[in-house]
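Residue-level structure breakdown
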Amino acid sequence: MPLALLALAVGAFGIGTTEFVMMGLLPNVADDLGISIPTAGHLVSAYALGVVIGAPLLAAVTARMPRRRVLIGLMVLFVLGNALSAAAPDYHWLMAARFLSGLPHGAFFGVGAVVATGLVAPERKARSVSLMFLGLTVANIVGVPVATAMGQQLGWRATFLAVSAIGLGAIAALAFFVPADHAHGESGGLRGELRALRSVPVWLALGTTIAGFGALFSAYSYVTPMLTDAAGYAESSVTLLLALFGVGATAGNLLGGRLADHSLRGTLFGGLTALVVVLAFFPLMMGAAWSAAIAVALLGMAAFTTGSPLQLMVMEKASAAPSLASSANQAAFNLANAGGAWIGGIALAAGFGVTSPAVAGAFLAVLGLAVAGLAYLVDLRSPVAGSGRLVAAHSVPDRETTHAG
């Protein structure tokens, strides 16, 4: 594995930690700033809004810059946002700092995915993306629990200072291990990048991401009440069970990357089908403690099996703008987060039961399968559309330097 992939994974670990740790620190932040927990919950939304806005915007405006410089600049912005979060004197400043922290998130994963695929042979591209995403999934196993415990013991500001330190480490790793590249102007700058997204296959790929991961977040957003009210777990056990989700997500991410290098479309269909099955049986598996624990792990595995294939597919469908398309896919992930939670909440509010968000998620996963199937039919009608398989191979031109470090 090129050490550059490890550098990208370190950055992903820091981003994954800061994204999810706020959920565990909401009571601490609310008490310290004198606000209600629902008001503090808007800080989660502010970060997600930063991701959605920053992902395509920053990727587009930096399209002609050297990608190593872009990655380092994005991590500098990440460190600044988390440092300002630690120093925020009140709720409004913290809201702004969280929005700032979210801006580089999507663009980092988007540009990082293009760099990762340029570091390896064509038959290992999906695996390289999964190795970068490994930092994000491991953050759910190690980073978030440790950062949450730190915030509870030392104060929430200490957590954001620690995340800033992770960001500084990522900057050093990126500077040392990611090979230098040159600016690329094939897309014609911002206008050319945006023009490359005006295609049906790209939007179908993004739609698959929104529906597929919306299915995940419809259930996962409400997994705590499912585990306590349906499966009978004590609240103190939920953190360990969520770590099981992280283990499943990590296994699914690695499995998806390996399988997608053999069959990109087959892995995507298989992962979405597995997600439908897991979510459909989720209410039944919540009937016993042992099966509920298995269900949580399987949910993470099924969902994240599709992560690398979706990322690579979007990049291939926008061959003239892989960085922008890849970053737009990260925005789609966050739209899925918000939309899935909203749809799951509707099921709960309608009185269908505590496990009803999982059933709603199963329907969303079926929708994801349908969109993916439509995308396949479009490809069959346009054989040239799938010819972008090697687009990432042209993203870092100095091939003799790509294995440096």
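These lines cover the structure that appears in this document, whether it is placed above or below.

Parameters at a glance
- Residues numbered from 1 in each chain as written.
- Predicted model: local features only at pLDDT ≥ 70, side-chain atom pairs only at ≥ 80, totals over all residues.
- Heavy atoms only, no water.
- Helix = DSSP H or I, 4+ residues; strand = E, 2+ residues; numbered from the N terminus.
- Buried < 20%, exposed > 50% of the residue type's maximum accessible area, 1.4 Å probe, protein only.
- Contact = heavy atoms within 4.5 Å.
- Areas by Shrake-Rupley, 256 points an atom, 1.4 Å probe, with all protein chains shown as cover.
- Phe/Tyr/Trp six-rings, centres within 6.5 Å; stacked < 30°, edge-to-face > 60°.
- Patch = residues over 30% accessible without salt bridge, like charges linked within 9 Å, V, L, I, M, F, W, Y side chains within 5 Å.
- Salt bridge = Lys/Arg side-chain N within 4 Å of Asp/Glu carboxyl O.
- Core = buried A, V, L, I, M, F, W, Y, C linked by side-chain atoms within 4.5 Å.
- Expected span 1.5 Å × (residues − 1).
- Axes fitted to C-alpha atoms, helices over the stretch in contact; angles between N-to-C directions.
- Parallel < 35°, antiparallel > 145°, perpendicular 65-115°, else oblique.
- Nonpolar A, V, L, I, M, F, W, Y, C, P; charged D, E, K, R; others polar.

Looking at the overall build of the chain
- Across its full length, the chain holds 16 helices and zero strands.
- Counting only residues that meet the buried cut, the chain has 56% of its 405 residues in that class.
- Looking at the chain alone, contacts between residues at least 24 apart form 84% of all its contacts between residues at least 6 apart.
- Within the structure as shown, the chain displays about 15700 Å² of accessible surface, and the carbon and sulfur contribution to it stands at 71%.

Examining the packing of aromatic side chains
- For the coordinates displayed, the defined rule picks out eight aromatic pairs.
- Summarising the aromatic geometry, the rings of Phe 213 and Phe 304 are spaced 5.6 Å apart at their centres and angled 85 degrees between planes, so their arrangement reads as edge-to-face. Here Phe 213 is found in helix H9 (residues 200-220), whereas its partner Phe 304 is found in helix H13 (residues 289-305), with 91 residues between them in sequence.
- For the ring pair Phe 213 and Phe 333, a centre distance of 4.6 Å and an interplane angle of 90 degrees mean the geometry is edge-to-face. Highlighted residues: Phe 213 in helix H9 and Phe 333 in helix H15 (residues 322-349), separated in sequence by 120 residues. Of the two residues, Phe 213 and Phe 333, neither departs from the other in class, the shared state being buried.
- An aromatic cluster is built from Phe 213, Tyr 220, Phe 245, Phe 304 and Phe 333, whose rings are joined through pairwise contacts.

Considering a nonpolar patch on the surface
- A grouping of Leu 49, Ile 53, Leu 57 and Val 61 is seen on the molecular surface, where their side chains present a nonpolar patch of about 340 Å² in accessible area.
- For Val 61, the location among the structural elements is in helix H3 (residues 42-61).

Quick notes on the nonpolar core
- With 99 residues, the main nonpolar core has Leu 8, Leu 216, Leu 279, Met 286 and Leu 299 as its most contacted residues.
- At ten residues, helix H5 (residues 91-117) tops the list of elements feeding residues into this core.
- Discounting residues that sit within four places of it in the chain, Leu 216 has contacts with Phe 245, Leu 299, Ala 303 and Phe 304.
- Counting 16 residues, the second largest nonpolar core, distinct from the first, contains Leu 26, Ala 30, Ala 88 and Leu 94.

So, the pattern of salt bridges
- Overall, the coordinates contain four salt bridges when judged by the stated rule.
- A salt bridge links Lys 317 to Asp 379; the nearest nitrogen and oxygen atoms lie 2.7 Å apart. One end of the pair, Lys 317, is in helix H14 (residues 307-317); the other, Asp 379, is in helix H16 (residues 356-381), with 62 residues separating them in the sequence. The burial state of Lys 317 is the same as that of Asp 379; both residues are buried.
- Members of the salt-bridge network, linked through shared partners, are Arg 265, Lys 317 and Asp 379.

Considerations on helix H4 (residues 67-87)
- Taking 1.5 Å as the rise per residue, H4 with 21 residues should run 30 Å; its terminal C-alpha atoms sit 30 Å apart, in good agreement.
- Looking at H4, one finds that the buried residues are Arg 67, Val 70, Leu 71, Leu 74, Met 75, Phe 78, Val 79, Gly 81, Asn 82, Ser 85 and Ala 86.

Section: the packing of helix H6 (residues 125-154) against helix H11 (residues 238-260)
- Close contact between H6 and H11 brings their axes to 8 Å; oriented N to C, the two are set at 180 degrees. Judged by the angle between their axes, H6 and H11 are roughly antiparallel. Where H6 abuts H11, its residues Ala 126, Arg 127, Ser 130, Leu 131, Phe 133, Leu 134, Thr 137, Val 138, Asn 140 and Ile 141 lie against Ala 243, Gly 246, Val 247, Ala 249, Thr 250, Asn 253, Leu 254, Gly 257, Arg 258 and Ala 260.
- Each residue belonging to the contact of H6 with H11 can be placed in one class, and the counts come to eleven nonpolar, seven polar and two charged.

A look at the environment of Thr 305
- Position of Thr 305 among the secondary structure elements: in helix H13.
- Separated by 50 residues in the primary sequence, Thr 305 and Leu 255 have C-alpha atoms spaced 6.3 Å apart.
- Not counting the four nearest positions on each side in its chain, Thr 305 is found in contact with Gly 252, Asn 253, Gly 256, Thr 267 and Gly 271.

Regarding the environment of Lys 125
- Counting through the fold element by element, Lys 125 comes out in helix H6.
- Taking the C-alpha atoms as reference points, Lys 125 and Gly 257, separated by 132 residues in sequence, lie 8.1 Å from one another.

A look at the packing of H3 against H15
- Axis separation between H3 and H15 bottoms out at 8 Å; the angle between their running directions is 170 degrees. The orientation of H3 relative to H15 falls into the category roughly antiparallel. Judged by residue contacts, Ala 48, Val 51, Val 52, Ala 55, Pro 56, Ala 59 and Ala 60 of H3 engage Ser 323, Leu 324, Ser 327, Gln 330, Ala 331, Asn 334 and Leu 335 from H15.
- For the contact of H3 with H15, the per-class residue count stands at ten nonpolar, four polar and no charged.

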